[in-house]
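# Examining the three-dimensional arrangement
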Amino acid sequence: MAVFPPEKIISEFIPYIQKIIPTEEDEVLLAISEELPHFKTYLDGKQMTAVLPLFQLLLGCEETVVRESTVEGLRKLVPSLTDEQVQKDLIPMVLNISNMEAFQWKVSSCYLIRICYPKAGKEKERLVNLYSKLCDDDTPIIKRTAAKEFGPLCLIIEKDIVKSEMLNYYKKFMNESDTVRVTILPAIVQLSKILQDSESQKSHMQNINSASLDKSWRVRNELANLYPQFIDYYTNNSNVDLVQPICTLMKDSETEVKASALKALNAVINKLPSDKVTSQIVPTLRGLNNESNKDTKSNIGLLFGPISRIIGYTGFNANLGTMMDTLMKDENAEVRLGVAKSMYDIFVSSDGSLLSSINSFLGTMQKDVQYRIRECVYETLAKLGVKYGLEVFKNNIEGLFFNYLTDNVASVRDIGIKSLSLLIPQFGVSWVTSGLIPKLQSHLSTPKISYLNRMCMIHSVCVCAEYLDPKQNAEFVVPILNKGLKDKIPNVKFYTIKLIEKLLKNLDSSSKSKLEGTIKGLTSDEDPDVKYFATKFFETSK
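Everything numeric here is computed off the predicted structure, so don't read it as measured data.

## What to know about the overall build of the protein
Of regular secondary structure, the protein possesses 29 helices and 0 strands. Each principal axis of the C-alpha atoms in the protein carries an extent, and together these give about 85 × 70 × 35 Å. Buried positions account for 52% of the 542 residues belonging to the protein. The contacts in the protein between residues at least 6 apart in sequence include a share of 68% that link residues at least 24 apart. Counting every atom, the protein has about 25,100 Å² of accessible surface; 48% of that belongs to carbon and sulfur.

As structure tokens, then:
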């Protein structure tokens, strides 16, 4: 097309494409629709309306993908058109295809209203009337499309029109089939953004409450999923009850709706008024005490943490403590994990009073057969150490935390290793040299300890090395690394070599020479993996 002058594109090329469109396969039509916006590269603004007949043909295509691609093409093209071109050429085309008999044209025209509206000028009324006509159409797919476009259209239409006309369509759609009601429901978010005055918000909240009682579980479930998206618009209005609809959904008879509501609540609970959490959310949760669905119980467990922060540990323990104890012992691992993820917040909400009982909570979870729960426990222990300081860590937490060294799952041990990077900056180098490394040496010297655990301990020592100066590393770290290089298990030896490669920048020349001497001897090791990594060490460190 680049070789054609604009006049020839208009007089020959576009008519040719127009001629072949009715007979081509869908794959070809899709390719044409994707290329149409590129005409603006070869035609100037005044000439671009010559392409509209091609768009019009494709907008009536039976294949949905082709129509959607064509609409998207027009969305890209309209910014390059003037307001006059939109009003005199594009809008008449939209009105024209809306009057055609096949539903495909009407569906396309519905999508185009929003594209044309910002440049419609005096034609805006005709577009609003067209939308009204499409809303009243009896064809299900046209009605669903109108419902789908409702919210985005409200964002660009003048607010007085939204209030005087559009809200009537919302109420009309909410009396249609459940499929249409599910389709229109996301418009709650857009309407919440638009209707910011107190009276409008109060009225709109009534619509939300009605949706929470809808006879279709699909509608109620969709509302639960949308709750975090619209709640922000109401937090400053004390005359609107934000909590009632989510409490209604939490008590729903359908398990899926309950689970969705609890998940949504977990995302926004910190934005809700604390008095509402105490007076409405907590009693609703207590009413779910006999719930059997694992997803529901897991989401309840996740809520324990933020709720304890909001109402305080005393209130939490009095109202939900028994429920928490039950879920901690639940047979489903996901439920127990939900509670485990809340433990840090629960401990913090107690202002440290629970630390004396840490073993009965986290000590029990630390023995859980599900490794993800144990991972969560070690993350919690590390965060508590950072929160309460070295003395509390030594007295209450240390005994549990260092059990990561002997856990039988690699990912759990890795969490413990990574957690050291949180603790060391908080506790200081003196703790590393006088407390941490001696403890690691002690564990490393334990008889019959697994080689996997020895690798974990050596890796932990290497984390310490990053915070020590070369002299301290020579005294505390290098002897342990040398011991790892001389381990009887090949895996420990080559794992230690790989760790040393990353530590060279933290070592002085004497320490490097000592370790390199040991590694040199491993270049002739009988194990091929050890030999490979030892040889590679000298190749990469040159």
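Let us keep going from here.
## Re the packing of helix α7 (residues 124-135) against helix α9 (residues 159-173)
Where α7 meets α9, the axes come as close as 11 Å, and the angle between the chain directions of the two elements is 15 degrees. Taken together, the axis directions place α7 and α9 in an arrangement best described as roughly parallel. The element α7 and its partner α9 pack so that their crossing is left-handed. Within the contact between the two elements, α7 uses V128, Y131, S132 and C135 and α9 uses I161, E165, M166, Y169, K172 and F173. The class makeup of the residues in the contact of α7 with α9 is 7 nonpolar, 1 polar and 2 charged.

## Here we look at the pattern of salt bridges
By the definition in use, this model includes 24 salt bridges. Note that R114 and E149 form a salt bridge whose closest N and O atoms lie 2.9 Å from each other. Residue R114 is found in helix α6 (residues 103-116), and its partner E149 is found in helix α8 (residues 140-156); the two are separated by 35 residues along the sequence. Since its relative accessible area comes to 3%, E149 is described here as buried. Measuring nitrogen to oxygen at the nearest pair gives 2.4 Å for the salt bridge that ties D252 to R220. Of this pair, D252 sits in the loop between α14 (243-250) and α15 (255-268) while R220 sits in helix α13 (residues 217-230), placing them 32 residues apart in sequence. We note that D252, like R220, is buried. Here the salt bridges share partners, and the residues they tie into one network are D136, K143, K172 and E176.

## Things to note about the side chain of Q190
Within the element layout of this structure, Q190 appears in helix α11 (residues 187-194). Not counting chain neighbours up to four residues away, the residues in contact with Q190 comprise G151, P152 and L155.

Cut-off values and rules
Residues numbered from 1 in each chain as written. Predicted model: local features only at pLDDT ≥ 70, side-chain atom pairs only at ≥ 80, totals over all residues. Heavy atoms only, no water. Helix = DSSP H or I, 4+ residues; strand = E, 2+ residues; numbered from the N terminus. Buried < 20%, exposed > 50% of the residue type's maximum accessible area, 1.4 Å probe, protein only. Contact = heavy atoms within 4.5 Å. Areas by Shrake-Rupley, 256 points an atom, 1.4 Å probe, with all protein chains shown as cover. Axes fitted to C-alpha atoms, helices over the stretch in contact; angles between N-to-C directions. Parallel < 35°, antiparallel > 145°, perpendicular 65-115°, else oblique. Left-handed = near helix turned anticlockwise from the far one by under 90°. Nonpolar A, V, L, I, M, F, W, Y, C, P; charged D, E, K, R; others polar. Salt bridge = Lys/Arg side-chain N within 4 Å of Asp/Glu carboxyl O.

Worth remembering: the numbers are spatial, not functional.
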